[in-house]
Amino acid sequence: MDASKARPNRSRSFTNNRPARPQGQRSYPRRDQFDNSDLGDTIIVSGVDSDGDRSRGPRRPATSAARPSRGFSTERAPFRRDARPQGGFRRDARPQGGGDRFGQSRGGGRGRGRVMQTFDVSQYINKNPVTPDTEPAYVAKHTFHDFGLEQDLVAAIDGMNISTPSAIQDQIIPHILDGHDVVGLAQTGTGKTAAFLVPLINKTIKDRNRLTLILAPTRELAIQVEQELRKLTPRMGIYSTTCVGGMNIRPQILGLKRKNHFIIGTPGRVQDLMDRGLIKPGTIRTVVLDEADRMLDMGFIHDMRRILKDIPDDHETLFFSATMSKSIEGLIGEFMRNPITVSVRKKDITNSITQDVVYYEHHHKFDLLATLLTKPEFERVIIFGAMKHSVEKLSQELVKVGIKADAIHGNKNHGQRQRSLTNFKTGRVNVLVATDVAARGIHVDNVSHVINYDLPNTYEDYVHRIGRTGRADKRGAAITFVPKV
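Residues numbered from 1 in each chain as written. Predicted model: local features only at pLDDT ≥ 70, side-chain atom pairs only at ≥ 80, totals over all residues. Heavy atoms only, no water.

(A) Representation of the packing of helix H8 (residues 301-309) against helix H9 (residues 326-335) in the model. The geometry of H8 relative to H9 is characterised by a closest axis approach of 12 Å and an angle of 10° between their N-to-C directions. Judged by the angle between their axes, H8 and H9 are roughly parallel. Seen from H8, the contacting residues are Ile301, Met304, Arg305 and Leu308; seen from H9, they are Leu331, Glu334 and Phe335. Tallied by class, residues from the contact of H8 with H9 come to five nonpolar, no polar and two charged. (Axes fitted to C-alpha atoms, helices over the stretch in contact; angles between N-to-C directions. Helix = DSSP H or I, 4+ residues; strand = E, 2+ residues; numbered from the N terminus. Parallel < 35°, antiparallel > 145°, perpendicular 65-115°, else oblique. Contact = heavy atoms within 4.5 Å. Nonpolar A, V, L, I, M, F, W, Y, C, P; charged D, E, K, R; others polar.)

What follows is the structure, given as structure tokens:
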């Protein structure tokens with residue numbers, strides 16, 4: 001059954017008008033017709049182009065993708081067409097009228113003299129990453145039998161063949177059980193979802209009147225949390241409703257009219273349902289802000305403030321993030337009371353993933369990509385594009401040349417996005433083309449490569465992108481396409 005038509009989960013079990021400009025038809029050889037002999041292993045050039053000159057800065061990105069529609073897109077191009085960002089630019093800083101081609105604002109015009117960051121291609125190169133297994137393995141101080149958890153919950157965890165908690169679980173679960181506000185700093189793939197679900201489920205078993213609100217940046221991540229909740233609570237009579245945008249709101253409304261122990265959702269939809277009086281903030285005992293740095297980056301700060309302002313002051317707040325920026329510190333100071341911070345962040349992820357660049361000329365960009373994807377080591381690949389329309393077009397062009405590809409972006413409805421993600425997870429396709437926003441919450445194991453087909457807007461976006469590979473103790477590789485100048 002299509003997930004978009006499913007009734008909201010009452011879980012008994014664990015776990016976010018201008019049409020496109022017409023493009024000329026290009027004829028590409030099929031996958032088995034590519035000749036790699038003239039490209040060989042010289043495509044990756046370690047920051048120096050074929051003439052030996054190091055790139056000083058990018059021009060406007062050259063791509064064959066259609067120009068995005070101005071009609072109904074929610075993922076707007078951050079800059080106008082003749083001044084697009086090329087790495088290291090702030091999304092909200094628009095050099096319209098004063099920026100030079102290297103991203104430096106010259107002042108005047110609508111740029112208002114704001115100084116932009118200079119693109120530095122060297123930040124995308126690290127051919128000798130630190131070997132992940134050089135760090136000593138973490139030795140847990142507890143087992144799941146040592147936390148004092150309810151027997152039904154311990155049995156469910158045993159049934160999942162999990163015996164030893166991860167570092168974030170081992171260190172933070174006791175603090176949550178004791179009722180403290182906590183800040184958990186951990187990268188993706190470290191088990192942070194179970195780190196907050198396990199103690200909260202335990203509290204719910206003891207007090208069936210508890211209500212927990214979990215906020216996540218994307219519907220994919222919210223659904224993953226809900227799935228994890230179901231796995232951990234089989235036949236326990238613990239109920240939840242998932243409230244996310246992009247899906248029919250009526251089943252969610254019906255779900256909220258029944259008894260819930262967990263409400264899991266994205267900030268915008270949760271705020272909408274609160275405004276309708278369907279989520280009563282006065283009954284919420286615990287709030288979890290999952291991937292808070294992503295929610296902040298995506299502009300949910302105002303929704304988060306509105307949601308939290310009417311929740312009783314004595315509620316518990318659990319805050320999980322991969323980074324600790326000044327903005328995050330401000331968020332913690334605003335929302336939390338004397339939190340205990342647990343950090344299990346490993347070394348900078350950019351130091352443990354092989355990174356390199358591909359220089360391209362406009363008419364050869366797609367051919368270079370397709371040739372790379374024919375190499376046997378590119379087993380499971382996520383490709384990042386800038387815009388929804390270009391992402392869809394790129395996936396279609398890859399399919400035409402015999403590459404098993406699918407796309408995930410904001411123009412697809414929930415059911416379509418879930419099918420694309422399932423196709424990628426199950427191996428029906430080995431290439432997933434995605435926008436930054438749609439990729440939030442994509443957690444797929446054994447991604448061999450991340451390819452930045454279009455440059456990220458900021459270095460933080462770059463780090464988030466390449467974090468889709470090299471998860472846990474696995475090795476990964478990232479390749480960034482850079483235009484020749």
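(B) Structural context of the pairing of strand S2 (residues 212-215). Here S2 shows no split at all, with Thr212 and Ile214 on one side and Leu213 and Leu215 on the other all buried. Note that S2 and strand S4 (residues 262-265) share four bridges and pair parallel. When the sheet's bridge partners are listed, Thr212 is paired in S4 with Phe262. By the bridge criterion, four bridges tie S2 to strand S5 (residues 286-289) in an arrangement that is parallel. Note that in S5 the partner of Leu215 across the bridge is Leu289. (Buried < 20%, exposed > 50% of the residue type's maximum accessible area, 1.4 Å probe, protein only. Pairing = 2+ DSSP bridges.)

(C) Expanded view of the packing of aromatic side chains. Summed over the entire model, instances satisfying the criterion amount to four aromatic pairs. For the pair Phe196 and Phe320, a centre-to-centre distance of 5.3 Å together with 50° between the ring planes defines the contact as tilted. Separated by 124 residues along the polypeptide, Phe196 in helix H3 (residues 192-206) and Phe320 in strand S6 (residues 316-321) bring together distant segments of the chain. Across the pair, exposure class does not vary: Phe196 and Phe320 are buried alike. Measuring from centroid to centroid gives 5.4 Å for Tyr453 and Phe481, while their planes differ by 55°, and the two rings are tilted. (Phe/Tyr/Trp six-rings, centres within 6.5 Å; stacked < 30°, edge-to-face > 60°.)

(D) Geometry of unusual backbone geometry. One non-glycine residue, Asn161, lies in the positive phi region at around 60°. Position of Asn161 relative to the elements: it lies in the loop between helix H1 (151-159) and helix H2 (167-177). You will see that Arg235, though not glycine, has its phi angle at about 55°, which is positive. Mapping Arg235 onto the fold places it in the loop between helix H4 (219-232) and strand S3 (240-243). A residue is classified by how much of its surface remains accessible, and Arg235, at 75% relative accessible area, is exposed.

(E) Seen up close, the sheet that holds strand S7 (residues 340-343). Strand order in the open sheet formed by seven strands is S3-S4-S2-S5-S6-S1-S7, with parallel pairing between adjacent strands. The sheet terminates laterally at S3 and S7, the two strands that pair on one side only. Within this sheet the neighbouring strands show an average axis-to-axis angle of 15°, counted without direction. In this structure, strand S1 (residues 182-185) lies alongside S6, joined through four bridges in parallel fashion. Across the sheet, the residue bridging to Val183 is Phe319, located in S6. Of the strands in this sheet, S1, S5 and S6 are in contact with H9, which crosses S6 at around 170°.

(F) Layout of the sheet that holds strand S10 (residues 405-408). Across the sheet, which stays open at both edges, the six strands sit in the order S8-S13-S12-S9-S11-S10 with parallel pairing between neighbours. Strands at the two margins of the open sheet, each flanked by one partner only, are strand S8 (354-360) and S10. Direction aside, neighbouring strands of the sheet carry axes that sit 20° apart on average. Pairing analysis gives seven bridges linking S8 to strand S13 (residues 477-483), with the strands arranged parallel. Looking across to S13, one finds that Tyr359 is bridged to Val482. Sitting on the sheet, helix H11 (residues 388-400) touches strand S9 (381-384), S10 and strand S11 (431-434), and the angle it makes with S10 is about 170°.

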